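Listed below, chain by chain, are the residues.
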Protein chains: 4
Amino acid sequence: MATATARQQRTQRRRAEIISAAIELFQERGFHAATTHQVAERAGLSVGLIYQYFGNKEDLLRAVIVDILGEFRDRIPVEIAASGADPVARLRAGYRAYVAVIDENRDGTLLTYREGLTLAPDGREEIKKLEIETAAPLRDVILEGMASGAFVDVDVDLVVHNLILSAHGWALKHWRLAKSYDVSSYADAQLDLLLRAIRP
Amino acid sequence: MATATARQQRTQRRRAEIISAAIELFQERGFHAATTHQVAERAGLSVGLIYQYFGNKEDLLRAVIVDILGEFRDRIPVEIAASGADPVARLRAGYRAYVAVIDENRDGTLLTYREGLTLAPDGREEIKKLEIETAAPLRDVILEGMASGAFVDVDVDLVVHNLILSAHGWALKHWRLAKSYDVSSYADAQLDLLLRAIRP
Amino acid sequence: MATATARQQRTQRRRAEIISAAIELFQERGFHAATTHQVAERAGLSVGLIYQYFGNKEDLLRAVIVDILGEFRDRIPVEIAASGADPVARLRAGYRAYVAVIDENRDGTLLTYREGLTLAPDGREEIKKLEIETAAPLRDVILEGMASGAFVDVDVDLVVHNLILSAHGWALKHWRLAKSYDVSSYADAQLDLLLRAIRP
Amino acid sequence: MATATARQQRTQRRRAEIISAAIELFQERGFHAATTHQVAERAGLSVGLIYQYFGNKEDLLRAVIVDILGEFRDRIPVEIAASGADPVARLRAGYRAYVAVIDENRDGTLLTYREGLTLAPDGREEIKKLEIETAAPLRDVILEGMASGAFVDVDVDLVVHNLILSAHGWALKHWRLAKSYDVSSYADAQLDLLLRAIRP
DNA sequence: TATGAATGAGGGTTCATTCAT
DNA sequence: CATGAATGAACCCTCATTCAT
């Protein structure tokens, strides 16, 4: 039905608008300091509506974080796929994409760190699952590399853990890193360091 | 005067009690969700007293973070000094101490991550300074090692940044890492990886 | 639009309800001793709403005082205008109206005296301006009288100052004056005294 | 006993110091905004001591007001007595003294107005009694004048009421009056006006 | 659907007052 | 007498949430 579809689209748009406003506000002032009224105002609609789209403030936070993590899940595999077959090239592409997403969303990344515990256990589990899902493509690349002999045998999970930490580090310590690096050179420097450790 | 000293000691103890209770509560429920009344109750004293020792809730948070960072500043140099002259041994000692402090203080570490941004600019600056101070001993060890030829030439600050991130990683992702590592093996695994990258 | 008007009316009514409750309470117990919860309770609505209509407790006090002063501004000129052309009659009408308003609003008048200084400089200025505005009609009457020869030349401002003080005196010392006077006889006695001084 | 006397003197001095500090503070910030700690600090002693000299904060306020009113009670009769036998001269002397005390203690006068109601009924009664006592000398002067034919027959209490109101008016509306008058000319102008009304 | 007026529990903070030293 | 650390009741204010329109 055309009407139903139109309505659904409208709903989708509304949701996106609210999430977008919430991301901005949560980043600017932190989840707790930002009020639902402010979110409503910035999104250009009424408080009541927020409660129709998201049951409560915490659910909105969850949606916001999921939205951010979603970008990683969507973009990293694409970039890896587009980079050919060489494990090193694939790793480089994946990591660079990861850091790029973080850079475009620096405050959002911090938000995930700051407010992860704010969520109730349910939400926390959802986030953890998404984080693992997000890291999976990088994990696969390392595994492939190890299988093909391009990388030595190491604890994949530790390496992935480090990759992700170092990527997040770009947001976490941006105030210091930005003096010596830009996104691209940071990613390269980290990759060089890692490759020295895991190349045969 | 004995009395003056006794009073000072009492004051010190009180401060420590409050900070300790605050760390627990802030980490359990988050800074915003924890109430000053709860902190008072857990510390076994009255709300009013908290406000006599720390001007307000945010100052308490600041004190808590400073207190945690202080432990790094105090313990790492000692461990390094006690480990002899070999750069690798010194690095190992310093990093292990760092990870150990984090492990003993996992809640506090997470707190620093979560709530560091909650502070007003002033407090944030203070924390940043302390963080740099805290990292200095590790930084010196790397520099010595590079000077003596024990390590190849790399960007010291990047390496130190990674060391600290990976140490914090132990607290940040403890829920996952604890399945494969204990503190000690985690530190060793990370050191091995790093040494592969920076040894000639 | 009917709805908009209805809403505005409702808003006006709410404001008036809150102000009315506040006048009562502030006068009964003093501004500081009265709590916002008490005001809300007496007005039959919630605390939160008070803060939606008036930003904070002090602003409520300001509104209360402005409201009271407004009655003078509205009523005195009307009474004067309705009293003909004779300066003495006009003075009498104006002053009696002034005292009448005070009598109907004795609590409010005392409040102005007691709590006027409680306001921050901004509010104080606003009040001062209103006070001057309030006195203007009486001032004009005296000036007319002097111009027409009905009154001798005196310092208008001093005379007006005394008129207002003596009117306020009815509220300030009501506990004593009420033994000998009622509103009307008080106003007359004061007028007689004044006229002896300023009639040629 | 010399020691007992010395102790009493010390007590008297302490009391005076506290009252003096309290007057300053209460005037500067109002009774409610001033804290007992601030009073203690300004008086150069500990909070606890205030509670030994005055049972509680309200009693301190009462003492402060009594102290101020005491000055009227002490000075006006002296000035009247020193001004000879002429009723007009005596009235002038008494009123000028009254206004002078107010001028020297402008904030204290306002304090009496603002905080009179703050006191519990007991204290309020005490103040009222003192006010009447304070006005008595002026009342007597008017009565004498009426008896001697220097003044016409009027309601003494109304006249005294006006005298005192106008004197207080100097403190209450000082911000406006100070543009046209100083203490002395204000007293004279008021006296002139009054004398036109009550001289035969 | 959409609004926003209304609610009220709860939090940070203050400060008069006490009491062990 | 004198101190000042300690208490805790109480206040102002915020803000997530609801619901009549």
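Residues numbered from 1 in each chain as written. Chains lettered and ligands numbered in written order. Predicted model: local features only at pLDDT ≥ 70, side-chain atom pairs only at ≥ 80, totals over all residues. Heavy atoms only, no water.

Within an unreviewed UniProt entry, the label attached to chain A reads TetR/AcrR family transcriptional regulator, and the organism entered is Intrasporangium calvum.

The environment of DNA strand E is formed by 36 residues, the closest being Tyr51(B), Lys57(B), Tyr53(C), Thr36(D) and Tyr51(D). Per the 4 Å cut-off to the protein, sugar and phosphate atoms form 66% of the nearby atoms of DNA strand E. The contact in question runs from a base nitrogen of DNA strand E to an N or O atom on the side chain of Gln52(C), over 3.4 Å. Among the elements of the structure, helix H1 (2–29) and helix H3 (47–53) of chain A, helix H2 (36–43) and helix H3 (47–53) of chain B, helix H1 (2–29) and helix H3 (47–53) of chain C together with helix H2 (36–43) and helix H3 (47–53) of chain D are those that each provide at least two residues to the surface near DNA strand E. For the surface near DNA strand E, the element with the highest residue contribution is H3(A), accounting for five residues. For the surface near DNA strand E, the residue count by class is 13 nonpolar, 16 polar and seven charged. (Near = heavy atom within 4 Å. Polar contact = N/O pair within 3.5 Å; in protein donor to acceptor, adjacent residues only side chain to side chain. Helix = DSSP H or I, 4+ residues; strand = E, 2+ residues; numbered from the N terminus. Nonpolar A, V, L, I, M, F, W, Y, C, P; charged D, E, K, R; others polar.)

This part covers the relation of the copies chain B and chain A. Structural alignment of chain B on chain A gives an RMSD of 0.5 Å, achieved by rotating through 180° and translating 0.4 Å along the axis. What the superposition gives is, in effect, a two-fold axis relating one chain to the other. In this assembly, 94% of the residues forming the interface of chain B have copies in chain A that are likewise at the interface, indicating an isologous arrangement. (Least-squares fit on C-alpha atoms with pLDDT ≥ 70 in both. Contact = heavy atoms within 4.5 Å.)

Turning our attention to the pattern of salt bridges. In total, this model carries 62 salt bridges over all chains according to the counting rule given. The residue Arg62(A) makes a salt bridge to Glu126(A) at a minimum N-O spacing of 2.8 Å. In this pair, Arg62(A) is assigned in helix H4 (residues 57–81) and Glu126(A) in helix H7 (residues 121–148), connecting sequence segments 64 residues apart. Across the pair Glu125(C) and Lys128(C) runs a salt bridge, and its minimum N-O distance is 3.9 Å. One end of the pair, Glu125(C), and the other, Lys128(C), are both in helix H7 (residues 121–148), three residues apart, so they sit about a helical turn from each other. By relative accessible area, Glu125(C) is classed as partly exposed at 44%. Judged by relative accessible area, which is 21%, Lys128(C) ranks as partly exposed. Here the salt bridges do not stand alone but share partners, grouping Glu24(A), Glu28(A), Arg29(A) and Arg42(A) into one network. (Salt bridge = Lys/Arg side-chain N within 4 Å of Asp/Glu carboxyl O. Buried < 20%, exposed > 50% of the residue type's maximum accessible area, 1.4 Å probe, protein only.)

There is a clear gap between chain B and chain C: no contact, and 21 Å between their nearest C-alpha atoms. Chain D makes no contact with chain B, the minimum C-alpha separation between the two being 13 Å.

Before going further, it helps to examine the interface of chain D and chain C. Counting from both sides, the interface comprises 31 residues of chain D and, opposite them, 32 residues of chain C. Overall, the association of chain D and chain C removes approximately 3,200 Å² of surface from exposure, summing both partners, and the carbon and sulfur fraction of that is 64%. Remark: the boundary between chain D and chain C carries two salt bridges. Ionic pairing is found between Glu131(C) and Lys173(D), a salt bridge with its closest N-O pair at 2.7 Å. For the side of chain D that touches chain C, the secondary structure elements donating two or more residues are helix H6 (106–115), helix H7 (121–148), helix H8 (156–172), helix H9 (174–177) and helix H10 (183–198) of chain D. (Buried area = accessible area lost by both parts, 1.4 Å probe.)

At the junction of the two partners, chain B supplies 32 residues and chain A supplies 31 residues. Each partner contributes to the roughly 3,200 Å² buried at the junction of chain B and chain A, and carbon and sulfur atoms together form 64% of this total. The interface formed by chain B and chain A holds two salt bridges in total. Where the side of chain B that touches chain A is concerned, the elements lending two or more residues are helix H6 (106–115), helix H7 (121–148), helix H8 (156–172), helix H9 (174–177) and helix H10 (183–198) of chain B. Top contributing element to the side of chain B that touches chain A by residue count: H8(B), with eight residues. For the side of chain B that touches chain A, the residue count by class is 16 nonpolar, eight polar and eight charged.

Attention now moves to the packing of aromatic side chains. Residue and element names in this part refer to chain C. Counted according to the given criterion, the structure contains 18 aromatic pairs over all chains. Ring centres 5.0 Å apart and planes at 80° place the aromatic pair Phe26 and Phe31 in the edge-to-face group. The same class applies to Phe26 and to Phe31, which are both buried. Both rings, one in Trp170 and one in Tyr186, keep their centres 5.0 Å apart while their planes meet at 35°; by these two values the pair is tilted. Of this pair, Trp170 sits in helix H8 (residues 156–172) while Tyr186 sits in helix H10 (residues 183–198), and the two are 16 residues apart along the sequence. (Phe/Tyr/Trp six-rings, centres within 6.5 Å; stacked < 30°, edge-to-face > 60°.)

Expressed as a screw transformation, the operator carrying chain D onto chain C has a rotation angle of 180° and an axial translation of 0.4 Å, and the superposed copies differ by an RMSD of 0.5 Å. Most of the interface of chain D is mirrored in chain C: 97% of its interface residues are interface residues there too.

Glancing now at the packing of helix H6 (residues 106–115) of chain C against H8(C). Residue and element names in this part refer to chain C. Across the interface, H6 lies against H8 with an axial gap of 9 Å and an inter-helix angle of 110°. The angle between H6 and H8 places the two elements in the roughly perpendicular class. Contact residues: Arg106, Thr109, Leu110 and Tyr113 in H6; Leu165, His168, Trp170, Ala171 and Leu172 in H8. Broken down by class, the residue content of the contact of H6 with H8 amounts to six nonpolar, two polar and one charged. (Axes fitted to C-alpha atoms, helices over the stretch in contact; angles between N-to-C directions. Parallel < 35°, antiparallel > 145°, perpendicular 65-115°, else oblique.)

All names here are of chain A. Each assigned domain of chain A is listed here: domain 1 (1–55) and domain 2 (58–198). If you average the C-alpha positions of domain 1 and of domain 2, the two centres end up 28 Å apart. Each side of the interface is counted separately: domain 1 has 14 residues, and domain 2 has 15 residues. Between domain 1 and domain 2, roughly 1,100 Å² of surface is buried when both sides are summed, and carbon and sulfur atoms account for 76% of that area. Ranking the residues of domain 1 by area buried against domain 2 places Phe26, Gln27 and Phe31 at the top, with a combined share of 47%. (Domains from an automatic or database assignment.)

Residue and element names in this part refer to chain C. When helix H2 (residues 36–43) is considered as a whole, its buried residues turn out to be Thr36, Val39, Ala40 and Ala43. Projected onto a plane normal to the axis of H2, the buried residues spread over an arc of 100° and lie on a single side. Exposed residues pointing more than 90 degrees away from the buried face of H2 are listed as His37 and Glu41. (Arc of directions from axis to C-beta.)

In this section: the protein's contact with DNA strand F. Not every one of the 36 residues close to DNA strand F is listed here, only the nearest: Tyr51(A), Tyr51(C), Lys57(C), Arg10(D) and Arg14(D). Of all DNA strand F atoms lying within 4 Å of any protein atom, the proportion belonging to sugar or phosphate reaches 68%. At 3.1 Å, a side-chain N or O of Ser46(D) approaches a phosphate oxygen of DNA strand F. Note that a base nitrogen of DNA strand F is positioned 3.4 Å from one of the side-chain N or O atoms of Gln52(D). Those elements that provide at least two residues to the surface near DNA strand F are helix H2 (36–43) and H3 of chain A, helix H1 (2–29) and H3 of chain B, H2 of chain C together with helix H1 (2–29) and H3 of chain D. Broken down by element, the surface near DNA strand F gets its largest block of residues, five residues, from H3(D).

Under the local residue numbering, the UniProt record ascribes the feature "DNA-binding region" (unreviewed entry) to residues 35–54 of chain A. With 75% helix and 0% strand, residues 35–54 of chain A has its two end C-alpha atoms placed 14 Å apart. (UniProt positions renumbered as here; feature names shortened; annotations may be inferred.)

Per the UniProt record, the feature "domain: HTH tetR-type" (unreviewed entry) sits at residues 12–72 of chain A. Between the C-alpha atoms that bound residues 12–72 of chain A there is a distance of 21 Å. The span itself is 80% helix and 0% strand.

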